[in-house]
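# Close look at the chain arrangement
Spelled out, the chains give:
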Amino acid sequence: MLFRSDAPVSLEVPGAQLAPTQDERAGRRLLAFAVLLLLVLHGTQLISGSFTRTYDALIHVYFGAHYARSFFDPWESGWYTGFSLTSYPPLSHYLIALLSGPLGLLGAFAATQILALVGLTVGIYRFGRVFVTARAAGYGAVLLVLSSAIAETVQVFGQLPTTLSLGLLLNAIPFAVRWVRTGHRTELVRAAMWTAATTAAHHVTTLFGSVFFIAPVLLAVVLEGASRPRPHEDVRGGLRRVGRRVYRVAPRVYRSAVYGAAAIAALVIVVLPYWLWSRADPITQVPIPHGSRANFLVRRDFGFMFWLVPWATLLPLYWDAVRRGLHAHRGLPRWPIMASVLLLSLLGTGGTTPVPKALLRGAFDILTLDRFTFWACMRSEEHTSELQSPMYL
């Protein structure tokens, strides 16, 4: 016997939506699990010395050894005729030097990379909380640890400044969001300090992170303000619709500009020694050969290494994550973030299309473009994590 009902059919899983306190607890448990999983998967390999067979790690150990011998003298005389370490952001090497006393140089690198990965895991959780629920952000942290992009960056390339600086940047952005939303000056100071630390770890992350991470997030938060009446606002009249929206977003635009000025000031202060050195001893930058700029349809080996491997764990869910990312979350529009992800994904294709070279111009022959794929993978985590939440299973 068939029964008809005019009630709409719900595909929501019973119990999938949690109360705020339960959601917070679930997110924190998932974050703790992600950190534990990180220590098991990557921590054990780093402690065993797997990084000594990677591409970049021993260069950073070498720089750290210099600061361990002479912490305040940037001149390194042991490489050819000598050079100034002012030419490279020092934070990761400072940490290696400080930890080398009790742990030795190799142990210090392993410990610093583990700290960087923990910071990145916490950062992706805190960053995801801006756009998704706490539980979904927790799943994003777990996906980060399991992602092939992290495995390749850490266990094949041995890139320490990349992981350290991105973790610092992701932890800076939630403070900036709180400052723009609330106007609390403490949040502005915290955001500026974390941004300065990001620059000290890797200035390129701050320069491009301002475009692909900070700007889209602040744009989304400013647009969010258009639908949030200000205190004591007369919503019944007095202002037309457009004027009312301008009135609502004006404080957030001002605070975004203040944070932008603070971030630029932090960048200038931290990078000032490098700029002074480069002016006193200018160099002519020549193109740096790198497989990430190749046409991946012609050089499939490079395409496998710099595109397919980092995307391997996220690619099956990519387009559905993009689709979900185009929808607002609790009044917060997410299309600026997804536009950033799509552009990063395109830049990561190297010379496969003419678009990256047209956008980057001269920087195309200097930058290693795998960083854009890595950032795109990290940016996709918070939206891909929604697919793992029981709400969508």
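Residues numbered from 1 in each chain as written. Predicted model: local features only at pLDDT ≥ 70, side-chain atom pairs only at ≥ 80, totals over all residues. Heavy atoms only, no water.

### Observations regarding the overall build of the protein chain
Quick note on the threshold: Comment: elements are numbered from the N terminus, with helices defined as DSSP H or I runs of at least four residues and strands as E runs of at least two. Throughout, a residue-residue contact means that at least one pair of heavy atoms, one from each residue, lies within 4.5 Å. With residues, only the protein chains shown are counted as cover, and all accessible areas are computed by Shrake-Rupley using a 1.4 Å probe.
Each helix and strand in the protein chain was counted, giving 14 helices and two strands. Pairs at least 24 residues apart make up 75% of the contacts formed inside the protein chain by residues separated by at least 6 positions. Of the roughly 19700 Å² of accessible surface on the protein chain, 66% is carried by carbon and sulfur atoms.

### A closer look at helix α2 (residues 57-69)
Quick reminder of the rule: Expected span of a helix: the number of residues minus one, times 1.5 Å. Burial here depends on accessible area, computed with a 1.4 Å probe over protein chains only, as a share of the maximum for the residue type. Under 20% is buried, over 50% is exposed, and the range in between is partly exposed.
Over its 13 residues, α2 extends 19 Å from the first C-alpha to the last, a length consistent with the 18 Å expected when each residue adds 1.5 Å. Listing the buried residues of α2 in full gives A57, H60, V61, F63, G64, A65, H66 and Y67. Looking at the buried positions of α2, the neighbouring elements they touch are β1 (75-76), β2 (83-84), α3 (91-129), α5 (148-157) and α6 (160-182).

### Looking at the pattern of salt bridges
What counts here: By definition here, a salt bridge exists when the distance from a side-chain nitrogen of Lys or Arg to a carboxyl oxygen of Asp or Glu is within 4 Å.
Evaluated as defined, the whole model comprises eight salt bridges. A salt bridge links R69 to E76, with the nearest nitrogen and oxygen atoms 2.9 Å apart. In this structure, R252 and E224 form a salt bridge, with 2.8 Å as the shortest nitrogen-oxygen distance. Taken together, the residues R252 in helix α9 (residues 241-280) and E224 in helix α8 (residues 203-225) connect sequence positions 28 residues apart. The burial state of R252 is the same as that of E224; both residues are buried. When salt bridges with common partners are traced through the structure, they connect E24, R28 and R129 into a single cluster.

### A look at the packing of aromatic side chains
What counts is decided by this rule: Two aromatic rings from Phe, Tyr or Trp, using only the six-membered ring of Trp, form a pair when their centres are within 6.5 Å; if the ring planes differ by under 30 degrees the pair is stacked, by over 60 it is edge-to-face, and anything between is tilted. As a reminder, the over-ring test applies to NZ of lysine and CZ of arginine, requiring each to be within 6 Å of the ring centre and within 35 degrees of the ring normal.
Following the criterion strictly, the structure yields 22 aromatic pairs and no others. Centre to centre, the rings of F302 and F306 are 6.2 Å apart; their planes meet at 45 degrees, and the pair counts as tilted. Of this pair, F302 and F306 both sit in helix α10 (residues 300-311), four residues apart, which is roughly one turn of that helix. The exposure class of F306 is buried, given its relative accessible area of 7%. Taken together, a centroid distance of 5.0 Å and an interplanar angle of 85 degrees make the contact between Y318 and W319 edge-to-face. Residue W319 is classed as exposed on the basis of its relative accessible area of 62%. Grouping aromatic residues by their ring pairs yields a cluster made of Y62, F63, W79, F83 and Y88. Of note, R379 hangs over the ring of F213, and the distance from its end group to the ring centre comes to 4.9 Å.

### Some details on the confidence of the model for the protein chain
As a general rule, the predicted coordinates of low-pLDDT regions are not to be interpreted in detail. The test is simple: pLDDT measures the predictor's confidence residue by residue and takes values from 0 up to 100.
Averaged over all residues, the pLDDT of the protein chain equals 87, while 90% of them reach at least 70. Across residues 1-15, where pLDDT falls below 50, the model places three contacts with residues more than four positions away in sequence or in other chains.

### Observations concerning the nonpolar core
The condition is simple: Think of a nonpolar core as a cluster: buried Ala, Val, Leu, Ile, Met, Phe, Trp, Tyr and Cys residues, connected wherever their side-chain atoms sit within 4.5 Å.
Y259 and F372 are the most contacted members of the largest nonpolar core, which has 78 residues in total. It is α6 that contributes the most residues to this core, 12 residues altogether. Discounting residues that sit within four places of it in the chain, Y259 has contacts with A176, W179, L188, A191, A192, T195, I214 and L218.

### Some words on the environment of F374
In this structure, F374 sits in helix α14 (residues 370-388). It is 9.9 Å that separates the C-alpha atoms of F374 and S148, two residues lying 226 residues apart in sequence. What F374 contacts, discounting residues up to four positions off in sequence, is L120, A149, I150, T153, T162 and L166.

### Comments concerning the packing of α3 against α6
Selection rule: A fitted line through C-alpha atoms serves as each axis, taken over the contacting stretch for helices, and the angle formed by two N-to-C directions is quoted from 0 to 180°. We call two directions roughly parallel when the angle between them is under 35 degrees, roughly antiparallel when it is over 145, roughly perpendicular when it lies between 65 and 115, and oblique otherwise. Here a crossing is called left-handed whenever its near helix is offset anticlockwise from the far helix by less than a right angle, and right-handed whenever the offset is clockwise. Polarity classes work like this: nonpolar for Ala, Val, Leu, Ile, Met, Phe, Trp, Tyr, Cys and Pro, charged for Asp, Glu, Lys and Arg, and polar for all others, with Gly in that last group.
In contact at an axis separation of 7 Å, α3 and α6 are set at 45 degrees when each is read in the N-to-C sense. The orientation of α3 relative to α6 falls into the category oblique. Note that α3 runs across α6; the crossing there is left-handed. Partitioned by chemical class, the residues of the contact of α3 with α6 number 19 nonpolar, eight polar and two charged.

### A few points about the side chain of S92
Among the secondary structure elements, S92 is positioned in helix α3. In contact with S92, other than residues within four places in its own chain, are T112, L160, P161 and L164.

### Some details on the environment of I337
Considering the arrangement of structural elements, one finds I337 in helix α12 (residues 335-347). Judged by its relative accessible area of 0%, I337 falls in the buried class. With 120 residues separating them in the primary sequence, I337 and V217 have C-alpha atoms 6.4 Å apart.

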